[in-house]
Amino acid sequence: MYLKHLSLTNFRNYARLERDFPERTVLVQGQNAQGKTNLLEAIYYLATTRSPIIASDRHLISWGVAAEPLPYARLVGDVERSSGAAHLEVTLVREPARPENPAGRLARHIRLNGVERRAIDLLGQLNVVLFLPQDSDLIAGAPALRRRYLDVTLCQVDPAYCRHLQRYNRVLEQRNHLLRRLRERHDDPAQLTYWDEQLARWGALISRRRQRAVSDLEAAATLIHGELTGGSERLALQYEASLALPQLEADPATPEPDQPPPALYEAALSAIARTRQRDLASGVTTVGPHRDELRFVANGVDLGLLGSRGQQRTAALALKLAEVRFMAGQTGDMPILLLDDVMSELDRARGQYLLAALAGARQVVITTTDIEVFPREFVRQTVRWQVREGTISEERS
Amino acid sequence: MSLTPGPVGRLIEELSRLPGIGPKTASRLTFYMLRAPEAQVIALADAIRGLRAGTVLCSTCFNIAEHDPCPVCADQERDRGLICVVEEPLDVLAIERTRRFRGVYHVLHGALSPVDGIGPDELKMRELVERVRSGGVREVLLATNPTMEGDATAMYLARQLAPTGIRVTRLAMGLPVGGDLEYADEVTLGEALEGRRDV
Ligand SMILES: [Zn+2]
């Protein structure tokens, strides 16, 4: 697939942008803080309905319009996919301040092909893989980062997963509130039964889906990693499900939709039963996909804990390139690759490996401060844009 | 300095507290009332004021009514052996519209939702169990919403009622999951009533 056209209004430092995108590699050059990353952020937002960088969408609305009565930002993308064209539209509106919400509520309106939709309906319309300089944090950072990574990746290719995740989060919130309530005041613990069962149901579905995705990612990542390290290290991805699910291979071929296979459900339910006392004492749910871990292990060493910075970077690059293959395999469409100034983080050999891997993509958008980090012959095959203060102009070569 | 006179701002604020009404709608309604005939506006104000004073909870089914007992509980033709348990008074109206239910009701006034601080004590649950225990009941039909909270409530009630040995049923599937009974169309709701199954 590829992005044909992007239109931005009051998005970050883009007051107005109307831009056709070519079906090839675009090299976006500019100094820092001119809007390079914001451009990738906009495309990523249309694909995932969230920013890769910040938690609160309100910062996406340009500062320049903050004083207007109803400040808004709009992102519109036209996508060409093997299944046809799609028109994606997101509008963020900051409503006036109210006594109970002095900052003003942020309303989000989403349209798909002109029809008002929910965020979940936008997912999967546009698939992207984003490469960031800080990708090695995925390996070295907190477990929550890895879980979030799996969630965002899976939500892009599997709408059912996204639905299950919403259900799970709701159950988790209800169960945690109930645990706290039971700890603080006299109330009937029999209320837990229903939430335990729901936690087991949606939790088993989510952990299992992640396990299968990790197994697919691992197959590709191990290969790529082997090539990157000249075969000196063997990378393994280990997903640890806190619900103690049985072996992946044991699953029946076609479980019911929205229902885990009975063996999985039973295993999850007993794992929850085992921790019930602990949960009641602590007032939080201590098992479930929200506590699962994903480990990157090379030659028996957990890279997150003991890997060198270089090893972590290599593993992260292998993971991202594996993600491209994973997405293409799941959707039958090549995702759009977004690279945010990553060349400077990679040594020569890894940089060249990455550029060679881009050759298979339909559309790539690369930002850089310095065009010199790319080989001449690579640059020649790209379309070059220059970004300055939220304006893009074409470079003539 | 604000350009909006105090009383106007106050009404906009009060209206926008209501469910389904945003600041825009609240402003539109407020300015409509400023221009509407005075009699109409006073009638509205009286209706709001009379809302609490003129209604009671039925002491049997806890539906909102003008008198206690409510018309359904007072109706000798209704089947007292069949109790339909719903979350809200609006659900009673929705089921009555189908004209396919001849039993009586029990309004819980909500569903179990720990996030909102609602447990069994915040709902008319103990009253239901006592009502069933006091005799004459053949079946309890749990018609809570097809949401997680509605299901949690139904399941919890089913366990509470199990020791009584009385038949407990749940509305059949076919209702949109996550929806409210109140928005289900009459045919769908009617079918859900007929196709109820044992819990
Ligand atoms: Zn009554």
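For the structure itself, consult the block above.
Residues numbered from 1 in each chain as written. Chains lettered and ligands numbered in written order. Predicted model: local features only at pLDDT ≥ 70, side-chain atom pairs only at ≥ 80, totals over all residues. Heavy atoms only, no water.

(A) Structural view of helix H5 (residues 89-98) of chain B. Residue and element names in this part refer to chain B. Listing the buried residues of H5 in full gives Pro89, Asp91, Val92, Ala94, Ile95 and Thr98. Looking at the buried residues of H5, the elements they touch are strand E2 (64-65), strand E3 (79-86), strand E4 (103-107) and helix H8 (186-194). Phi for arginine 99, located one or two positions after H5, is positive at around 55°. (Buried < 20%, exposed > 50% of the residue type's maximum accessible area, 1.4 Å probe, protein only. Helix = DSSP H or I, 4+ residues; strand = E, 2+ residues; numbered from the N terminus. Contact = heavy atoms within 4.5 Å.)

(B) Expanded view of the nonpolar core. All names here are of chain A. By size, the foremost hydrophobic cluster in this structure holds 80 residues, and its most contacted members are Phe131, Leu237, Leu339, Leu354 and Leu358. Examining the composition of this core, we find that 16 residues originate from one element, helix H6 (residues 192-228), more than from any other. Mapped onto the domain boundaries, this core takes at least three residues apiece from domain 1 (1-127 + 334-397) and domain 2 (136-332). Beyond its immediate sequence surroundings of up to four residues, leucine 354 is in contact with Phe131, Leu317, Leu321, Leu339, Val342, Met343 and Leu346. (Core = buried A, V, L, I, M, F, W, Y, C linked by side-chain atoms within 4.5 Å. Domains from an automatic or database assignment.)

(C) Expanded view of the sheet that holds strand E11 (residues 301-302) of chain A. All names here are of chain A. Within the open sheet, the three strands sit side by side as E9-E10-E11. Their pairing is antiparallel. Single-partner strands in this sheet number two, and they are strand E9 (235-240) and E11. Looking at chain direction, strand E10 (residues 293-298) and E11 are connected through two bridges and run antiparallel. For valine 297, the partnering residue across the bridge sits in E11 and is aspartate 302. Contacts between H6 and the sheet are confined to E9 and E10, with E9 contributing the most and set at about 170° to the helix. (Pairing = 2+ DSSP bridges. Axes fitted to C-alpha atoms, helices over the stretch in contact; angles between N-to-C directions.)

(D) Spatial organisation of the environment of leucine 157 of chain B. All names here are of chain B. Checked against the element boundaries, leucine 157 lands in helix H7 (residues 148-161). A sequence separation of 32 residues divides leucine 157 from methionine 125, and the C-alpha atoms of the two residues are 7.6 Å apart. The contacts of leucine 157, once residues within four sequence positions are left out, are Val85, Leu108, Met125, Leu128 and Leu142.

(E) Molecular detail of the packing of aromatic side chains. By the definition in use, this model includes four aromatic pairs over all chains. Taking the centre distance of 4.9 Å and the plane angle of 75° together, the rings of phenylalanine 21 of chain A and tryptophan 385 of chain A count as edge-to-face. Within this pair, whereas phenylalanine 21 of chain A is found in the loop between strand E2 (14-20) and strand E3 (25-29), its partner tryptophan 385 of chain A is found in strand E14 (residues 383-388), the two being separated by 364 residues in sequence. Both residues of the pair, phenylalanine 21 of chain A and tryptophan 385 of chain A, belong to the buried class. Consider the rings of phenylalanine 101 of chain B and tyrosine 105 of chain B, whose centres lie 5.2 Å apart with planes at 50°: the pair is tilted. Geometry around tryptophan 385 of chain A places arginine 19 of chain A over its ring, the cationic atom sitting 4.5 Å from the centre. (Phe/Tyr/Trp six-rings, centres within 6.5 Å; stacked < 30°, edge-to-face > 60°. Lys NZ or Arg CZ within 6 Å of the ring centre and 35° of its normal.)

(F) Region of the structure containing empty space enclosed by the protein. For the structure shown, the criterion picks out three cavities of 30 Å³ or more. The volume enclosed by the largest cavity comes to roughly 130 Å³. Here the lining of the largest cavity takes four residues from helix H9 (residues 309-331) of chain A, the largest share from any one element. Each residue belonging to the lining of the largest cavity can be placed in one class, and the counts come to eight nonpolar, one polar and four charged. Structurally, the lining of the largest cavity is a two-domain feature, drawing no fewer than three residues from each of domain 1 (1-127 + 334-397) and domain 2 (136-332) of chain A. Roughly 40 Å³ of volume is contained in the second largest cavity. Residue lining of the second largest cavity: Ala190, Gln191, Thr193 and Tyr194 of chain A together with Leu112, Ala152, Met155, Tyr156 and Arg159 of chain B, and that is the complete set. Broken down by secondary-structure element, the contributors of at least two residues to the lining of the second largest cavity are H6 of chain A together with H7 of chain B. The leading source of residues in the lining of the second largest cavity is H7 of chain B, at four residues. Split by residue class, the lining of the second largest cavity holds six nonpolar, two polar and one charged. (1 Å grid on protein atoms, 1.4 Å probe; cavity = no way out; pocket = protein on both sides within 12 Å on 5 of 7 lines; lining within 4 Å. Points joined across faces, edges and corners; volume = space filled by probe spheres on them. Nonpolar A, V, L, I, M, F, W, Y, C, P; charged D, E, K, R; others polar.)

(G) Expanded view of the pattern of salt bridges. All names here are of chain A. Applying the stated criterion to the full structure yields 41 salt bridges over all chains. Its salt-bridge partner being arginine 111, residue glutamate 116 comes within 3.9 Å of it at the nearest N-O pair. The salt bridge partner of arginine 210 is aspartate 151, with a shortest N-O separation of 3.1 Å. Highlighted residues: arginine 210 in helix H6 and aspartate 151 in helix H4 (residues 143-157), separated in sequence by 59 residues. Of the two residues examined, arginine 210 and aspartate 151, each falls in the buried class. Within the structure, one salt-bridge network assembled from shared partners comprises Arg175, Asp196, Arg276 and Asp279. (Salt bridge = Lys/Arg side-chain N within 4 Å of Asp/Glu carboxyl O.)

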